[in-house]
Amino acid sequence: MTATAPQWARAAQRMTRASLVSVAWFWAICVIAAAVVTLVLDWRMGEPPFSIMSTIRYGGIWYPFSVALIVVTATINVHVAAGMTRRSFVIGALISNVVIGVVNGVVMTAVLVIERGIYLDQGWSFAATSAAPIPSAWGVSLVFHCVMFVAGGLSGVLVGLTYYRWGAWATAALPLTVLPPIIASGLDPAALTVAVIAATTAATAVASYAMARTIAIRKPLEMS
Amino acid sequence: MSGFAVSVRDLTVRYGRTTAVDNVSFDLEPDGIYGLLGRNGSGKTSTLSVLASMRRPTAGSVLIDGAEPFENERVMAGVSLIRESGDVLANEKISASLAYYEQARPAWDAQFADELVDAFGLNRKKAISTFSRGQRSAFGAVIGLACRAPLTMFDEVYLGMDAPSRYRFYDLLLADYAEHPRTIILSSHLISEIERLFSGVVILDEGRLLLNEEVEDFRTRGATLTGPTAQVDAVTAGLRVVASRSLGPTKEVTVFGDLDGAALDAARAAGVAIGGVGVQDLFVHLTEKESR
């Protein structure tokens, strides 16, 4: 995009492009690792006891959370120094993490579909772990995973902003700022769960927007 | 594109209990090169940070091109503050930061940026974090010059550069300013090197405005008087003496103020030699504790 496009759009495009690279690596590593585990379990136990791919769910929540936190704290200085507003930065970050969350949700659902096909073909029972239940309908699974992964990313944005603004004092706010992904990590995929996650995630987005608008930009760190 | 005008009224910046800028007001006309001078802790960086929308003022107002700059997309896109060590993608090569600024700055000149990178001899294959302090300073200068922002500010960015690089920067700045006039603010401790660039000076002292003047007016308000002690004392009675030193029967005094031409002629007639004072010397004398 050129410098004439809206600032928020440029920020969203830039952050999304950068994040997609890490997303690709994440899924490549996770899928390969899950495939190896599946093969080992097949060899040792006769069949995997549950859906191995379903355990990636937690990584799909917390890895984008970590990436979002790092990206926010590492790039807000450059963004404002380059003459762009905090408003465009936070809107770009929120849009980027929604996009990445949806991408992750689509990929997660796709690998579960593929894994199920393999399990059925091998005559294995396809069941989720007790800690990572899978919705029986793939459409529901898609929505559920998208909401969960968006929750992780947006929470990372808010946590990054709070630490940038308040330093170590932001730790006191962690019970609130990481609430959406914690809920997403612990509850069954019922409609109520999705609604709760979506609501807390929306609140996270609003809080991020409000937090970012008045942040003072720190001096650049001196490099040794 | 012409430069932005700057209007600051009653600007105050506080960090907790510390007042960094205290009720400062000044105006800068567009398309000039201004020196923002002050001792360490005088409030220069805080003032520049407010102009660049890095922070909001605690009190007072700032207008750039007639509008408040904070979170104003139009104004912020035209204001550039290059800080020491720079705001760049430190773990990436130069090309990443140049691309970042190219998509951010409406007036960015990519070809000029490439020429500047070569002029400063910067390594395009290494991450910026591996650069020396002087090289990082030089890259900051590249960004500041290539963005051609209507209000461009450099905050001590040349401190880390060696002398040849600094003079290269000054020459490049002047040449580009002549072709693309804009408002430029230079904050530096190396006043003797850069005073030739200034059209105006703003001096801050302990967070307060000491003066805001055209540089030529500033220079002509200072003079050194050297001669026999008695004659020098007689001539300088009633004038603001900012520095004084004696060597035997001879005394040298630096005065600052609206100097009376007739008084100066009388001083010459009395055998007192009158000389000019550089911006740096005036700055040092005016900000000495004894002269306040």
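Here, residues in each chain are numbered from 1, in the same order as that chain's written sequence. The order in which chains are written sets their letters, starting at A; the order in which ligands are written sets their numbers, starting at 1. Totals for whole chains, interfaces and linings use every residue, but because this is a predicted model, local features are given only for residues with pLDDT of at least 70 and side-chain atom pairs only at 80 or more, for both listing and counting. To get the side-chain values, all heavy atoms of the structure are used, and hydrogens and water are removed first.

This paragraph deals with the overall build of chain A. Secondary structure counts use DSSP, requiring at least four H or I residues in a row for a helix and at least two E residues in a row for a strand, with both numbered from the N terminus. Per the secondary structure count, chain A includes seven helices and zero strands. When the helices and strands of chain A are read in sequence order from the N terminus, they spell out α-α-α-α-α-α-α. Note that the radius of gyration is over C-alpha atoms, with the globule rule given as 2.2 Å times the number of residues to the power 0.38. Taking 224 residues into account, the globule formula puts the C-alpha radius of gyration at 17 Å, and chain A, at 19 Å, falls close to it. With the principal axes as the frame, chain A shows a C-alpha extent of 60 × 35 × 35 Å. Residue burial considers only the protein chains on display, and all accessible areas are found by Shrake-Rupley using a 1.4 Å probe. Within the structure as shown, chain A displays about 9900 Å² of accessible surface, and the carbon and sulfur contribution to it stands at 74%.

Take the packing of aromatic side chains next. Working definition: an aromatic ring pair is given by the centre-to-centre distance plus the angle between the planes. Only rings of Phe, Tyr and Trp enter the pairing, Trp through its six-membered ring, and a pair is recorded when the two centres are within 6.5 Å. The plane angle decides the type: under 30 degrees is stacked, over 60 is edge-to-face, the rest tilted. As enumerated under the stated definition, the model contains 12 aromatic pairs over all chains in all. Measuring from ring centre to ring centre gives 5.1 Å for F154(B) and F169(B), while their planes differ by 75°; the resulting arrangement is edge-to-face. Of this pair, F154(B) sits in strand β6 (residues 151-155) while F169(B) is found in helix α6 (residues 163-179), placing the two residues 15 residues apart along the sequence. Given the relative accessible area of 0%, F154(B) is considered buried. Among the aromatic residues, ring-to-ring pairing joins F154(B), Y158(B), Y167(B), F169(B) and Y170(B) into one connected group. R44(A) extends its terminal NZ or CZ atom over the ring of W43(A), reaching a point 5.3 Å from the ring centre. The ring of Y164(A) carries the charged tip of R218(A) above its face, separated from the ring centre by 4.8 Å. Between buried and exposed lies partly exposed: a residue is buried under 20% and exposed over 50% of the maximum accessible area for its type, with that area taken using a 1.4 Å probe on protein chains only. In this analysis the charged atom, NZ for Lys or CZ for Arg, is taken to sit over a ring once it is within 6 Å of the ring centre and within 35 degrees of the ring normal.

To continue, consider the confidence of the model for chain A. One confidence number per residue, pLDDT, is output by the predictor and ranges from 0 to 100. Residues of chain A with pLDDT of at least 70 account for 90%, and the chain-wide mean is 87. Helix α6 (residues 179-186) of chain A is the least confidently modelled element of chain A, averaging 84 in pLDDT, while helix α3 (residues 86-122) of chain A averages 93, the highest of any element.

This paragraph deals with the nonpolar core. Here the nonpolar core consists of buried residues drawn from Ala, Val, Leu, Ile, Met, Phe, Trp, Tyr and Cys, with membership extended through side-chain atoms lying within 4.5 Å. Of all hydrophobic cores here, the largest spans 108 residues; its most connected members are F154(B), F169(B) and L186(B). At seven residues, the largest contribution of residues to this core is made by helix α5 (residues 133-146) of chain B. We call two residues contacting when some pair of their heavy atoms lies within 4.5 Å. In contact with L186(B), not counting residues within four places along its chain, are I33(B), Y34(B), G35(B), L36(B), F154(B), Y158(B), L173(B), I194(B), L197(B) and F198(B). Core analysis: the next-biggest nonpolar cluster, separate from the first, contains 25 residues, F26(A), W27(A), I52(A) and M53(A) among them.

What follows is about the sheet that holds strand β13 (residues 273-275) of chain B. All names here are of chain B. Spatially, the four strands line up as an open sheet ordered β11-β12-β10-β13, and their pairing is antiparallel. Of all the strands in the sheet, just β11 (241-247) and β13 have a single pairing partner and so form its edges. Ignoring strand direction, the axes of neighbouring strands in this sheet form an average angle of 15°. Whether two strands pair comes down to DSSP finding at least two bridges between them. Looking at chain direction, strand β10 (residues 222-228) and strand β12 (residues 250-256) are connected through seven bridges and run antiparallel. Following the sheet pairing, G227 is matched in β12 by K251. A fitted line through C-alpha atoms serves as each axis, taken over the contacting stretch for helices, and the angle formed by two N-to-C directions is quoted from 0 to 180°. Those strands touched by helix α9 (residues 229-236) are β10, β11 and β12, and its axis lies near 145° from that of β10.

Take the interface of chain A and chain B next. Between chain A and chain B, the residue contacts involve 31 residues of the former and 28 residues of the latter. Summed over both partners, buried area is the accessible surface (1.4 Å probe) that two parts give up on being assembled. When chain A packs against chain B, the two sides together hide about 2500 Å² of surface, and 53% of this comes from carbon and sulfur. Each salt bridge in this description consists of a side-chain nitrogen of Lys or Arg and a carboxyl oxygen of Asp or Glu lying within 4 Å of one another. Viewed at the interface, chain B and chain A are joined by two salt bridges. With a shortest N-O distance of 3.2 Å, E71(B) and R213(A) are connected by a salt bridge. Pairing of N or O atoms within 3.5 Å defines a polar contact, subject to two protein rules: one partner must be a possible hydrogen donor and the other a possible acceptor, and residues neighboring in sequence count only if both atoms are side-chain atoms. Where chain A meets chain B, there are 15 residue pairs in polar contact (both at pLDDT 80 or more). Mapped by element, the contributors of at least two residues to the side of chain A that touches chain B are α1 (7-45), α2 (56-81) and α3 of chain A. Counting residues per element, the side of chain A that touches chain B draws most heavily on α2(A), which supplies six residues. Broken down by class, the residue content of the side of chain A that touches chain B amounts to 13 nonpolar, 10 polar and eight charged. Each residue gets one of three labels, nonpolar for Ala, Val, Leu, Ile, Met, Phe, Trp, Tyr, Cys and Pro, charged for Asp, Glu, Lys and Arg, and polar for the others, Gly among them.

Looking now at the UniProt feature "transmembrane region" (unreviewed entry) in chain A. UniProt positions are given in the numbering used here, feature names are shortened, and annotations may be inferred rather than shown by experiment. According to UniProt, the feature "transmembrane region" (unreviewed entry) maps to residues 20-41, 61-82, 89-114, 134-159, 166-184 and 190-212 of chain A in the numbering used here. Structurally, residues 61-82 of chain A comprises 95% helix and 0% strand, and the distance from its first C-alpha atom to its last is 31 Å.

Attention shifts here to the environment of W108(B). Relative to the helices and strands, W108(B) is located in the loop between α3 (94-104) and α4 (110-119). Linking W108(B) and T254(B), residues 146 residues apart in sequence, is a C-alpha distance of 45 Å.

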